[in-house]
Amino acid sequence: MSAPPPSLPLPLPGDTPVRVLTVAGSDSGGGAGMQADLRTIALLGVHGCAAVTAVTVQNTVGVSGVHEVPAATVAAQVRAVVTDIGVGAVKTGMLASSAIIEALEEVFGELGIGSRVPLVLDPVAASVGGDPLFSGSAQDTLRDRLFPLATLLTPNLDEVRLFTGIDVVDGASQREAARVLHGLGPRWVLVKGGHLRSSPVSTDVLHDGTSFTELTAPRTPTTNDHGAGDCLGAATACALAHGWSVPEAVALGKEWATRCVAAAYPLGAGHGPVSPLWRLLG
Ligand SMILES: Nc1ncnc2c1ncn2[C@@H]1O[C@H](COP(=O)(O)OP(=O)(O)O)[C@@H](O)[C@H]1O
Ligand SMILES: Cc1ncc(COP(=O)(O)OP(=O)(O)O)c(N)n1
């Protein structure tokens, strides 16, 4: 890759960094979820805070158990972080249940998350291997309660199908999906194209209700793609926390994700993780 690596201003030792809160599930295998978010957040020089929604029993092969955190405890984590530490952006991942989503709607409203504080909402529904990460009714609750609060909604193509019924097969259907999802309330939608595996490029479409922007990168031929969406969303949230505009932040998130997919490594017997560890090389 010839372009300079994506980066954000780094804090000097002793200076308080910008903060980002991830509201997500724990992936015991360390490939996705809050572990992936916090890795990206740290390597971009941002202080990561974490409100845990669920503990998953997970490795590279699949998810064999889920233990939800009580909804009131999830909301209390968010309140404790935001009222003391303060955050420049919030990212959500696996939200597990309707009760957790309803508690988050309330605490987000109370704290200005989605209005004063940008909210990146990754509508995580299943693991890369297809294991469900929330119950059936949570899908409707997420759409109705949190989509309208989102600064940026970042579905992959499986999530697009779930929420709109649209099967994205090309640029036209990807733009149509972005248009329909924007109608559900988020200010911006990024329809991620990583799952269009037959394409030689990986194109994401950004839409704000008016214009469409295509972000395209060469496709890395790999099945080690666990956590790609987390890398993208967490990096985008970091840039938003620095005060970047949504299009600027998404462009950084896309470059970050592209490099992380290119640096993915095999792990275990299943899908290995995409990796931001390339950042440590300079
Ligand atoms: N094989 C790949 N090569 C290059 N970029 C990829 C690849 N797979 C995914 N991406 C990019 O990684 C990000 C996450 O994409 P995607 O896989 O669609 O979402 P998710 O990880 O949430 O399922 C997007 O920017 C997408 O374009
Ligand atoms: C706890 C937890 N959160 C999210 C996921 C989704 O991971 P993956 O399937 O790799 O999808 P992206 O992170 O790439 O969107 C998970 N498996 N576990």
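Just so you know, the residues in each chain are numbered from 1, in the order the chain's sequence is written. By the order in which they are written, chains take letters starting at A while ligands take numbers starting at 1. Local features in this predicted model are restricted to residues whose pLDDT is 70 or higher, and side-chain atom pairs enter the listing and the counts only when it is 80 or higher, whereas totals over whole chains, interfaces and linings include all residues. Processing note: side-chain calculations cover all non-hydrogen atoms of the structure and skip hydrogens and water entirely.

**Observations regarding the site of ligand 2**
The rule for a residue being near a molecule or strand is that one of its heavy atoms must lie within 4 Å of it. Among the 17 residues in the neighbourhood of ligand 2, the closest are listed as Gln58, Val128, His226, Gly227 and Asp230. In protein, a polar contact means a hydrogen-donor-capable atom and an acceptor-capable atom, both N or O and within 3.5 Å, with residues adjacent in sequence counting only if both atoms are side-chain atoms; elsewhere, any N or O pair within 3.5 Å suffices. The contact in question runs from an oxygen atom of ligand 2 to an N or O atom on the backbone of Ala228, over 3.1 Å. One nitrogen or oxygen atom from the side chain of Asp230 is found 2.6 Å from an oxygen atom belonging to ligand 2. Only the protein chains shown count as cover for residues, and the accessible areas themselves come from Shrake-Rupley with a 1.4 Å probe. Protein coverage of the free-state accessible area of ligand 2, which is 430 Å², stands at 95%. If you list the elements that add at least two residues to the shell around ligand 2, you get strand 1 (19–27), strand 2 (47–58) and helix 7 (228–241). For the shell around ligand 2, the element with the highest residue contribution is helix 7, accounting for three residues. We count a stretch as a helix when DSSP gives it H or I for four or more residues in a row; a strand needs E for two or more, and each element gets its number in order from the N terminus.

**Topic: the UniProt feature "domain: Pyridoxamine kinase/Phosphomethylpyrimidine kinase" (unreviewed entry) in the chain**
UniProt positions are given in the numbering used here, feature names are shortened, and annotations may be inferred rather than shown by experiment. As recorded in UniProt, the sites labelled "domain: Pyridoxamine kinase/Phosphomethylpyrimidine kinase" (unreviewed entry) are residues 27–274. Strand forms 19% of residues 27–274 and helix 41%; the C-alpha atoms that close the span are 14 Å apart.

**Details of the packing of helix 7 against helix 8 (residues 246–262)**
Axis angles are defined between N-to-C directions and span 0 to 180 degrees, where every axis is a line fitted to C-alpha atoms and, for a helix, only to the segment in contact. Where helix 7 contacts helix 8, the axes come no closer than 8 Å and their chain directions differ by 145°. Along this stretch, helix 7 crosses helix 8, giving a crossing that reads as right-handed. On the side of helix 7, the interface is formed by Ala228, Cys231, Leu232, Ala235, Thr236, Ala239 and Leu240, while helix 8 contributes Val246, Ala249, Val250, Leu252, Gly253, Lys254, Trp256, Ala257, Cys260 and Val261. Following the grouping adopted for this structure description, the nonpolar residues are Ala, Val, Leu, Ile, Met, Phe, Trp, Tyr, Cys and Pro, the charged ones are Asp, Glu, Lys and Arg, and the polar ones are all others, Gly among them. Each residue belonging to the contact of helix 7 with helix 8 can be placed in one class, and the counts come to 14 nonpolar, two polar and one charged. Handedness of each helix crossing follows the sense of rotation of the near helix against the far helix: counterclockwise by less than a right angle gives left-handed, clockwise gives right-handed. The contact definition used throughout considers only heavy atoms, calling two residues in contact when any of these lie within 4.5 Å.

**Structural notes on the environment of Glu68**
Within the fold, Glu68 resides in strand 3 (residues 63–68). When accessible area is computed with a 1.4 Å probe and restricted to protein chains, residues below 20% of their type maximum are described as buried, those above 50% as exposed, and intermediate ones as partly exposed. With a relative accessible area of 40%, Glu68 lands in the partly exposed category. For Glu68 and Val52, which are 16 residues apart along the polypeptide, the C-alpha to C-alpha distance reads 9.0 Å. Not counting chain neighbours up to four residues away, the residues in contact with Glu68 comprise Thr53, Ala54, Ala96, Ser97 and Ile100.

**A short note on the pairing of strand 3**
DSSP-based pairing: two strands are paired if at least 2 bridges between them are found. Of the pairings in the sheet, the one linking strand 2 to strand 3 comprises five bridges and is antiparallel in character. Paired with Val55 across the two strands is His67, which belongs to strand 3. Counting the residues between successive antiparallel strands, the hairpin from strand 2 to strand 3 contains four residues.

**Examining the state of the cysteines**
By definition, disulfides here are pairs of cysteine sulfur atoms that lie within 2.5 Å. In total, this model carries zero disulfides according to the counting rule given. No disulfide involves Cys49; its sulfur sits 11 Å from the nearest other cysteine sulfur, which is in Cys238. Cys49 gets classed as buried once you look at its relative accessible area, which sits at 5%. Among the cysteines around Cys238, which has no disulfide bond, Cys231 carries the closest sulfur, lying 11 Å off. Relative accessible area serves as the criterion here: at 0%, Cys238 is assigned to the buried category.

**Digging into the pattern of salt bridges**
Salt-bridge detection follows one rule: a side-chain nitrogen of Lys or Arg within 4 Å of a carboxyl oxygen of Asp or Glu. By the definition in use, this model includes 14 salt bridges. Arg79 is the partner of Glu110 in a salt bridge, and the nearest nitrogen-oxygen pair spans 2.7 Å. You can see Glu110 sitting in helix 3 (residues 98–111) and its partner Arg79 sitting in helix 2 (residues 71–84), a full 31 residues away along the chain. When its relative accessible area of 31% is taken as the criterion, Arg79 is described as partly exposed. Connected via shared salt-bridge partners are Asp37, Lys91 and Asp230.

**Here's the deal with the site of ligand 1**
Around ligand 1 lies a shell of 15 residues, among which Lys192, His195, Ser202, Asp204 and Gly229 are the nearest. Gly229 is positioned with one of its backbone polar atoms (N or O) 2.8 Å from an oxygen atom of ligand 1. Bound to the protein, ligand 1 loses 93% of the 550 Å² it would expose on its own. Contributing elements (two or more residues each) for the shell around ligand 1: strand 8 (201–207), helix 7 and helix 8.

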